[in-house]
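Spelled out, the chains give:
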Protein chains: 2
Amino acid sequence: MTTQHSKPLALRNVTVTDPFWHTEQELVRTAVIPFQWNALNDNMPGAAPSYCMHNFKAAAAQNARRDEKGQKSYLPEFSYRGFAVFPKDGEEPDPSKFYGFVFQDTDFSKWIEAVGYSLTQHPDAELEKTADAAIDIVCAAQLDNGYLDTYYILNGMDRAFHNLRWHHELYCLGHLVEGAIAYYEGTGKDKLLKTAERFADYTAEYFGPKEGQCKGYPGHEIAEMALVRLVEVTGARKYLDLAKFFIDERGTEPNYFLAEDKRDKDSGYTDTNWDFDPAYAQAHKPVREQDEAVGHAVRAGYLYSGMAAVAKLSDDPTLLRACRTLWRNIVDKKLYITGGIGGTNNGEAFSYNYDLPNDTAYSESCAAISLAFFARRMLEIEPKAEYADVMEQALYNTTLAGMALDGKSFFYVNPLEVNPYASHRDKRIGHVKTVRQKWFGCACCPPNIARIVESVQEYAYTVADDASTLYTHLYMGGVAKATLNGAEVTLDVAANLPWRGDGTVAVRLDAPAEFTLAFRLPGWAGDDPAVALKASGEQDGRVTREVRDGYLYLTGEWRDGDEIAFDFPMPVRMLAANPMVREDVGKVAFVRGPITFCAEEKDNGANLHLLHADVDAVLADPASVKVVPFTFEAGATGIDDKGQGEVDPVSRRMVRLEVPAWREPVPAGASAGSPAFAPLYADYAPVRREPVTATLIPYFAWANRGENEMSVFLRA
Amino acid sequence: MTTQHSKPLALRNVTVTDPFWHTEQELVRTAVIPFQWNALNDNMPGAAPSYCMHNFKAAAAQNARRDEKGQKSYLPEFSYRGFAVFPKDGEEPDPSKFYGFVFQDTDFSKWIEAVGYSLTQHPDAELEKTADAAIDIVCAAQLDNGYLDTYYILNGMDRAFHNLRWHHELYCLGHLVEGAIAYYEGTGKDKLLKTAERFADYTAEYFGPKEGQCKGYPGHEIAEMALVRLVEVTGARKYLDLAKFFIDERGTEPNYFLAEDKRDKDSGYTDTNWDFDPAYAQAHKPVREQDEAVGHAVRAGYLYSGMAAVAKLSDDPTLLRACRTLWRNIVDKKLYITGGIGGTNNGEAFSYNYDLPNDTAYSESCAAISLAFFARRMLEIEPKAEYADVMEQALYNTTLAGMALDGKSFFYVNPLEVNPYASHRDKRIGHVKTVRQKWFGCACCPPNIARIVESVQEYAYTVADDASTLYTHLYMGGVAKATLNGAEVTLDVAANLPWRGDGTVAVRLDAPAEFTLAFRLPGWAGDDPAVALKASGEQDGRVTREVRDGYLYLTGEWRDGDEIAFDFPMPVRMLAANPMVREDVGKVAFVRGPITFCAEEKDNGANLHLLHADVDAVLADPASVKVVPFTFEAGATGIDDKGQGEVDPVSRRMVRLEVPAWREPVPAGASAGSPAFAPLYADYAPVRREPVTATLIPYFAWANRGENEMSVFLRA
């Protein structure tokens, strides 16, 4: 039996009533989306202006005047390393000029994407009106030829598509396409979609294998997977050709980015004086030869997602092989236990194999999201539970950790260990924040979290291309509708993830029908999770079961009212990292279901590095770890006058772990912050163990009670 | 009984026949000094030119032409962040221009200092002739007014002493003074000394408390302690006044450096665009209020040495109190077990309290040397064994580790843990080299090692100011001469440090005399080291003993032929760091006598992070650690075509430790460098222990057999 491809259920066919995800989606809908709108209109007191809508308005006004700039050099007067332009101190922004980062247009695109998803589930006439007005401005900014990137439109088109390595026009294209599709699918309105198509058409003319076409490809990937989405929506294969061209061309010799770099340096015309490292953008060799995930982690995750999307659509076995190899490298050597990727802040990048530092981690929220994108697309190619396990891990942990429980502040960097005393003194961890930030000028993560949370149900189900099988990848309360072998099937799912492993799936049908329902057997659910899932149709032999690649396939005749009951065991798992991970030798982390836990100072006192899990006690009696449902009370005042660290009071039901533990006492007088003294080195003696109970909370909930120490791994 | 000050025995009164230090001194004399001479004359194929003598010659020629530049702006055309100037690629250096770092003059001063020490012990007519010729050039570069810094002489004097925060004129003055004194004391020739005095005189006119005098102070300290040396040599108190002014003024409000920074930025005239952080140069508050060692570690060590020197000479109790406080902070919270200081490469600086990372350590060779300077000066104020213990630790470990066993390559940075796989991939440890380097353009460490090694016997003895007591701080084979209570006393010392704790001190006297011989009781020599030291004069009651502050005072009538025999126990100590040192929790290091040991991959295989000391076995039977004298065979070919890592074949007798240990096995398939796979996270299980014997070699000898892993701390 060969594995066949599958595709997600459209968002409109799945609702989320799940208390966990419903809460998160409501946060995004009621807090983040309005917040974002204010941000991209520079209406956020105390936050860095985005200038996003400012730029679109300026470009639209310029278009209206028909004074499109022709051959003017685009280098603006004030440039921050070529990536951002801001008004001089104290000056008002000039309404005709571009400001912000070169990729600032994507602030809009990510917002409209989240809006589109939100409107699908939750119609809102006022929001739709606001969005339509914004879309009018954006569409008015497009040049007649289809080009749409306000940085070049406003600064001069002579250099458009000339700095692919550092600038982000193709990244802007990708986000515009994804936002336009989401809005189209959410509202049926295609104005923005047509604009995106025109920009894609212009791009497809500009780039390609033909003589005279540019042989470049995106410096920051995303267009590849976005173009595949555009194929799916429009049916136009030319977009697949373009995506495939970008992927096939990437990293070939002579290296396009290095040639661009040399050309600019030779001519003295460069707005960055850095040497470009092709590995930073995964362009160090052809993608099919890449066997290690390297470079900027978000770029990498987007590329791999695009590769998987193209591999699926074009049935490309060599590209699929590369995807599998890169997946294995990530999952076996470069994945944080929080579902995060990107071990180093140097280039916000993957570090070398097995280098997964806890305190200096980068683990960008967007990178975890990109990993979920990649996993989802691999699932569409071949349903294997490992993809869904990792996708779930990325979604429930690092992705959600990126957002405060009140939806109003955000982490870009998601360390696994934080010591505020060090953070305030050590430039080497200057990228690690101890509390969430309101908004960043370089606003990638908050809107990325918004768009994935608002569309999370798209990650839950896929339907096989032959419509024979409906896959359930994530267990999420709500209703999913699909057409299977011609029958309209509705699944009514009740689930209690991530806190409990039980639930039911009720099947609604007009008439009995033959099809397969496939359910993922989570990797966290013990040795034989298949026994925890039973279909009523099995009792009378109508439905038979088969386990393959971590999925339970239930095949046969289904009837209205059939029910699948599941009760996956959710044991607390005490995990150790592979000993090649130097940072984690002698340490353990606690995981239950999809949730990774962590210790915070609020619950466990300071000096978490001296808190040891009593691993012997846990091994002797796994039940010595208590699983305690409780109401988590978030709410913390900011640590500075910019409001960083503020969290509104929020109560959330969740689960904590109480783990047998012991503390190594701090010697009298040994305090980093006090002038008291104690010897720095002394004869080794076995440590005196002070028994304590370690309280662990879900990682995603950390730093919602003010600044404090945190650690995912505990010493064993 | 009040403690009284003491001063070192002059170099000419102490010889070193000690096999250990004699070997090191011969290395410096025969390898480093000629090497240095070639370096500062740009005769080192493959090494960055120093331009040091080039600059002096250019300045001397300019002086001869009497065309001293007056008001010309000094900003040279090509400037590397304001600190160095080099010819354009492919261009020949212009004989009339300055090149190199702004402090390049000190290459000469450090060389002449080592030469002076060397000539004291080992007359060498040819070397002296070379030195005299160099001195003629240097002296000819001095302006008529006494100023002598070739950077400003050649680039225009209008800005001399105007960039104290970043530039190094006063640092050049300090090194010139120290070099001149060493050469004067070694040869009796005072030409360079007079030149140094004239520069000091000019400086003493320029800076000071009087109206119209500049209120600045050194950006890089050293002048303070050098000026005190000049007082000792010349008797001129004005140099003490200047040193005291520099120290008293430092860090007062308004902050001189910040004012300088603002002035340059306001006027648009600046050759650095960094914001100056006064703490980097220990100028964040008045020195008497400083209670934490901060900023650039070498600068700090030099400042504290200068503070101690001034405190001693001026009997300044508040300054002494600050010295003691800073000492405690270093020793209790910021000292590596290798005697190194400076936990972070950000600013080559002290990190925060208890932050002593092993793999990202800076621990510059020069910083360990500066700590020895500080310790020595504290010893001169108050003989307490702790100062000598730390001084010895810095000398035997990090200072010597700075130089290869063939004397031909050098470490600036001295990590306590190295993993070459990581080093070649991780920019965060880009400052950490895995093998020694031939020579650096910024050549501070090699000549600093040369000058301290060539004068190490000055650290061994001091005589109390009332000439009643001769202190032995370090046990070093050789002959020391002192005048005690009017009697000429010679000590003939045989010692076997650092490998054995036994030895004898024979007393030679013309006639019986009353005085005190005080011997340091090393901190490493067990609980009651005083019992291990016996004087023959004690048997008949002529000599009585008293232990105070870690010194054994032997007082009474001494006769020719008296002997003091010592046999300090030298147990292997298995030390643990204070648990506040997060990096070292659960780890131990092995130390014996003054020597800190480390494990190298050559002896123990790869993945040293999985090599655990069997601490239970060692605690149960300390004799399970074997102390093995052996002949260490150094010699490694370079790892790159610049010759980095080359060590000539050298055999050295030393001691290794064989420690009961065990290894955690690497799971099958888990290799950073291979595409094989193994799970990244798995259920915790107690580690399978593979018993092994860990072989530890002295830290100073590491990286003499090619590139490999190294670790000082082992997991317990």
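Please read these numbers as outputs of a predicted model, since none were measured by experiment.

Conventions and cut-offs
Residues numbered from 1 in each chain as written. Chains lettered and ligands numbered in written order. Predicted model: local features only at pLDDT ≥ 70, side-chain atom pairs only at ≥ 80, totals over all residues. Heavy atoms only, no water. Domains from an automatic or database assignment. Pairing = 2+ DSSP bridges. Helix = DSSP H or I, 4+ residues; strand = E, 2+ residues; numbered from the N terminus. Axes fitted to C-alpha atoms, helices over the stretch in contact; angles between N-to-C directions. 1 Å grid on protein atoms, 1.4 Å probe; cavity = no way out; pocket = protein on both sides within 12 Å on 5 of 7 lines; lining within 4 Å. Points joined across faces, edges and corners; volume = space filled by probe spheres on them. Nonpolar A, V, L, I, M, F, W, Y, C, P; charged D, E, K, R; others polar. Phe/Tyr/Trp six-rings, centres within 6.5 Å; stacked < 30°, edge-to-face > 60°. Buried < 20%, exposed > 50% of the residue type's maximum accessible area, 1.4 Å probe, protein only.

Caption draft 1: How the structure looks around the domain arrangement of chain A. Split into domains, chain A comes out as domain 1 (48–270) and domain 2 (460–497 + 501–567). Spacing between the C-alpha centres of domain 1 of chain A and domain 2 of chain A amounts to 42 Å.

Caption draft 2: Structural view of the sheet that holds strand S14 (residues 563–567) of chain A. All names here are of chain A. Judged by pairing direction, the sheet is antiparallel, and its 5 strands sit side by side in the order S7-S8-S9-S14-S11 without closing on themselves. A single partner strand is all that each edge strand has here, and the edge strands are strand S7 (478–484) and strand S11 (533–535). Sheet twist, expressed as the average angle between the axes of neighbouring strands with direction ignored, equals 15 degrees. Bridge analysis of strand S9 (residues 502–509) against S14 gives 5 bridges, and the strand direction is antiparallel. Residue pairing across strands places Asp 502 opposite Asp 567, the latter belonging to S14.

Caption draft 3: Looking closely at empty space enclosed by the protein. Residues and elements named next belong to chain A. Within this structure, the stated rule accounts for 7 cavities of 30 Å³ or more. In this structure, the largest cavity spans a volume of roughly 150 Å³. Along its surface, the largest cavity is lined by 13 residues, and Glu 113, Tyr 117, Glu 178, Arg 376 and Arg 377 are the ones closest to its centre. Residue assignment for the lining of the largest cavity shows that the elements contributing at least two residues are helix H3 (105–121), helix H8 (223–234), helix H13 (365–381) and helix H16 (445–454). When residues in the lining of the largest cavity are grouped by element, the largest group, 3 residues, is from H13. Of the residues contributing to the lining of the largest cavity, the split by class is 5 nonpolar, 1 polar and 7 charged. What the second largest cavity holds in volume is close to 130 Å³.

Caption draft 4: Highlighting the packing of aromatic side chains. All names here are of chain A. The final tally for this structure, using the stated rule, is 96 aromatic pairs over all chains. Judged by centre distance (5.1 Å) and plane angle (80 degrees), the ring pair of Tyr 151 and Tyr 152 falls under edge-to-face. Overall, the relative accessible area of 2% leaves Tyr 151 in the buried class. Judged by its relative accessible area of 1%, Tyr 152 falls in the buried class. Ring geometry for Phe 245 and Phe 246: centres 6.3 Å apart, planes at 50 degrees, overall tilted. Taken together, the ring pairs connect Tyr 147, Phe 161, Phe 199, Tyr 202, Tyr 206, Phe 207, Phe 245 and Phe 246 into an aromatic cluster.

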